[in-house]
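# Chains, contacts and geometry: an overview
Chain by chain, the residues run as shown.
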Amino acid sequence: MNNMARDIRVVVSIGMCLYLRGILAQHSQDLPIQIRSIQKQSPMIHGKKLTYGFLLQVITSRLFLLNVILNNRPEQTGVFKTNTVLAYDDNLQLVAWGYPALAQEPPKKKKLQNKPRSRPVELFKLHLANVKDDDKPVLPPGLDPRKAITDYLHEMNKLIVETLNSRWPGIRYPQQVRFVLSVPAEWHHDAKAIMRECMFNAGYLDNRQSENLEFTTEPEAAAVYCMKSLTEHHLSAGSSFMIVDCGGGTVDLTTRTLLPGMKLSEITERSGDLCGSSYVDREFIRFLGRKLGYAAMKKLKENNYGQMQYLVQQFCSRVKFSFNGNPNEFATKELDIERVCPALMEYVTGHAKEQMEEADWLIELDFLNVKEMFDPVVNKIIELITRQLASTERRCSAMFLVGGFSESQYLQQQIRRQFMNQVPIIAVPKHPIAAIERGALEYGLNMEIVQTRVLKFCYGVEVSAKWEKGDPPERRTPSGRIFKFHRLALRGVEVAVDQKFYYTAGPVVPNQTDMTFNIFITPDNNAKYCDEDGMKMLGKMKIDLPDPQRGKNRLVEFTLTFGTMEVKATAINKRTGQIYESSFILEF
């Protein structure tokens, strides 16, 4: 369905990351945002003219916009990003979301310290990522991560609806709104399918398969945003550049080439790892564990999670954000445990308690302490960049650091020091924390901007072949056949949008009345069988085979078409012309 038929009037970019960023907002006189209304000409989305005379493009222009939009707490602006955090009561009823659900200074009166409080639930998007269970946050008993995500999106949706109704009451919601959801590059298709389900349940879509929801990956959105910076650095078509998206949880990398007409192609497989800024916070918690006892920190996390996160935020605002790696500019910092995390005092025992009482519960953080918290994370990012550069023979003309962690002076310094002789331009664009949402918005306005992508998996179908000598005897069926994986599109191949891959099949037995195509993906281009490690079923398609009297002479053409962010499977009965179609979220 094209955009004229759908009558899209507004594009909304939503970033679902460790810190929620970038949704539409209100009037530019009320909030620090930029609103562009195109009225002089018929506006275009994806090359199609809209039937309505205006298009709203709403983008953030300040780093901490959402603290104002989501929480109406101006005093927090410039201090912390809006966290993807919820707070539930004992009955799993939502009581707060965003920053108010997490950042609470402990009360000074002891009787209030013992008062029951709601438990913050954060980082729940990690339950959709392919990470170890130890890296996933503990959820309260009975709380499903899908419910947490839906609850958060539902609260955000209220603000979107309220804003549109008050500012542009003529908009039919959600029918005339395109949502562009940027997700981590490492998310698999099932995670994106869950997000689509949550968006539907939260009221963004009028049906589960609505075409008003588009996905893009975070590094791809950042690459679109950084295209404008290429001309500032005098780079032209044919130049290749790398995006290093340094977020709160993950760091994602992608290398792109600028094509004529301000289009993009992807030239390497994306890479990434869990080494975002929150892992510096984890090193801080480990430091406290060595000093105060790991058992004490475990009890703090289990019983006083809000206080622990307030302690972490104090570390961020007073130490992490300003650390630049220069010992001459660093002054030893003190954290007053009695003030910022009094519950911790109850759990510290033995010699550690004696030492802390002598120190009046003040913890000193000197230069080496802080550097040792940064270095394991920074070194992992440097290793990722090294591997990404080695994955292509093309010269990388520029490297752009985006995401909240990219503003770390120490991280910038170490990257420039390591790669200044390989990459001529290493830069941080304006407002790097908003790069993903701005880029996703630009992508939503013109989805033809991305011309090619590199497949992250090998795609194929399960086929029934005649068993041959040399095939594993244990795989031979009673009818003398063997099921194998037939490759259609290889991992690492650069494919154009709407590029097709074909396979022709026929019935195995003459009287066969239907045929099923089982579609699989695997990271191994040399995979032979569909039950190997790493193999995953993407979906299946069943088609009818009428006229069994024609025997095996009933061919079916099966096609995989790689679209924007989904792969379409098509099967055509060559004799009858009947067409079967099904779509699956593409693994990019």
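Owing to the predicted nature of the structure, the values given are computational and were not obtained by experimental measurement.

### Brief notes about unusual backbone geometry
Residues apart from glycine generally show negative phi values, whereas peptide bonds are mostly found in trans. Between Tyr173 and the following residue, Pro174, the backbone shows a cis peptide bond with an omega angle of 5 degrees. Within the secondary structure, Pro174 is located in the loop between α4 (145–167) and β9 (177–183). Positive phi is not limited to glycine here, since His431 has a value of about 55 degrees. Mapped onto the elements, His431 comes out in the loop between β18 (425–427) and α14 (435–445). With a phi angle near 75 degrees, Asp498 is a residue other than glycine that sits in the positive phi range. Inspection of the secondary structure assignment puts Asp498 in the loop between β22 (494–496) and β23 (499–505).

### As for the pairing of strand β7 (residues 94–97)
Note that strand β6 (residues 85–88) and β7 share three bridges and pair antiparallel. Bridge pairing in β7 places Ala87 opposite Ala96. Following β6, the chain reverses through five residues before pairing antiparallel with β7; Leu92 in that reversal takes a positive phi of roughly 60 degrees.

### Let's talk about the pattern of salt bridges
Enumeration over the complete set of coordinates arrives at 19 salt bridges. Asp190 is the salt-bridge partner of Lys536, the closest N and O atoms lying 2.9 Å from each other. One end of the pair, Lys536, is in strand β25 (residues 536–544); the other, Asp190, is in helix α5 (residues 189–201), and 346 residues separate them in sequence. For Lys536, a relative accessible area of 28% puts it in the partly exposed group. Note that Asp281 is salt-bridged to Lys320, the shortest N-O span being 2.8 Å.

Definitions and limits used
- Residues numbered from 1 in each chain as written.
- Predicted model: local features only at pLDDT ≥ 70, side-chain atom pairs only at ≥ 80, totals over all residues.
- Heavy atoms only, no water.
- Helix = DSSP H or I, 4+ residues; strand = E, 2+ residues; numbered from the N terminus.
- Pairing = 2+ DSSP bridges.
- Salt bridge = Lys/Arg side-chain N within 4 Å of Asp/Glu carboxyl O.
- Buried < 20%, exposed > 50% of the residue type's maximum accessible area, 1.4 Å probe, protein only.

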